[in-house]
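# Architecture at a glance
Residues per chain are reported as follows:
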Amino acid sequence: MKKIGLALALLLGSRLPAADTSMPPVAQKFLAMFQDLRDARAQRDSHPRYVSFALSDGEISEYMRYALRTTPRPGVDSVTVKIFPQNYISTFTVVDFDAIERWKPGTIPALLRPILRGKQSIWVDYRFAAANSKITFSVEKAYYDKLWLPALFVGKVIRIVAARQPEHYDTSKPLALPFGLRQAWTENHIVKGNN
């Protein structure tokens, strides 16, 4: 869930078809950016080319709505992102806790099972570090409604959901940034990056 905001938007890019005019403009923008980064990576030895991007939290949230509708993800129904300076991301995610419990029984502590069942919205704030083509993150805080959720529990849920994706992400280790990206960082309401 944490990574799902920034990184899933980037990582999903390789799983979607090429842009066409029936796509919303934000999807066309993302897919064109992904293709530009792919082309730059393919040409890096013969014609090195620098590619950078800047995306607003509104664009990322809109793209996530499109991407999840086009390519549904196990355990995740929706993601809304807010971006703050110093690599701080806040996400509001609808998670299928019944699926998580089916995938790995006992994940949801007995005390939380009466409320964390079915599809529920949770708020997770995290901080990431992205450099040298790798990204890592840590949960800063998480809540279901006004109930604080332990970071260790939220991290475990994220690992389970990430492992169920077609790409089988292992969030316990640094993840490779896609498309030859070397770094990413945030400013107020904007994420930036380059190859």
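Whatever comes next refers back to the structure up there.
## Observations concerning the pairing of strand 5 (residues 134–144)
Inspection of the sheet shows strand 4 (residues 119–131) paired to strand 5 by 9 bridges, in the antiparallel sense. For tryptophan 123, the partnering residue across the bridge sits in strand 5 and is tyrosine 143. Turn length for the strand 4-strand 5 hairpin, with the two strands adjacent in sequence and antiparallel, is 2 residues, and the turn residue asparagine 132 shows positive phi of about 50°. Sheet topology places strand 5 next to strand 7 (residues 175–176); 2 bridges connect them, and they run antiparallel. Along strand 7, the bridge assignment pairs lysine 134 with alanine 176. In textbook terms, the turn of a hairpin is the stretch between consecutive antiparallel strands, and for strand 5 and strand 6 (residues 147–148) this stretch comprises 2 residues, one of which, aspartate 145, has a positive phi near 55°.

## So, unusual backbone geometry
The backbone phi angle of asparagine 87 is positive, close to 60°, even though this residue is not glycine. Within the element layout of this structure, asparagine 87 appears in the loop between strand 2 (76–84) and strand 3 (88–96). Residue histidine 168 is not a glycine yet carries a positive backbone phi of 55°. Along the chain, histidine 168 turns up in the loop between helix 5 (151–163) and strand 7.

## Here we look at the nonpolar core
Within soluble globular proteins, side chains that are nonpolar tend to cluster in buried spots. Tyr63 and Leu149 are the most contacted members of the largest nonpolar core, which has 54 residues in total. The greatest single-element share of this core, amounting to 8 residues, is contributed by helix 2 (residues 25–42). Setting aside residues no more than four positions away along its own chain, leucine 149 makes contact with Leu112, Leu116, Ile122, Ala142, Tyr143, Tyr144 and Val154.

## What about helix 5?
Taking 1.5 Å as the rise per residue, helix 5 with 13 residues should run 18 Å; its terminal C-alpha atoms sit 18 Å apart, in good agreement. Listing the buried residues of helix 5 in full gives Phe153, Val154, Gly155, Val157, Ile158, Ile160, Val161 and Ala162. Where the residues of helix 5 are buried, they touch strand 2, helix 4 (97–103), strand 4 and strand 5.

The rules we used
- Residues numbered from 1 in each chain as written.
- Predicted model: local features only at pLDDT ≥ 70, side-chain atom pairs only at ≥ 80, totals over all residues.
- Heavy atoms only, no water.
- Pairing = 2+ DSSP bridges.
- Helix = DSSP H or I, 4+ residues; strand = E, 2+ residues; numbered from the N terminus.
- Core = buried A, V, L, I, M, F, W, Y, C linked by side-chain atoms within 4.5 Å.
- Buried < 20%, exposed > 50% of the residue type's maximum accessible area, 1.4 Å probe, protein only.
- Contact = heavy atoms within 4.5 Å.
- Expected span 1.5 Å × (residues − 1).

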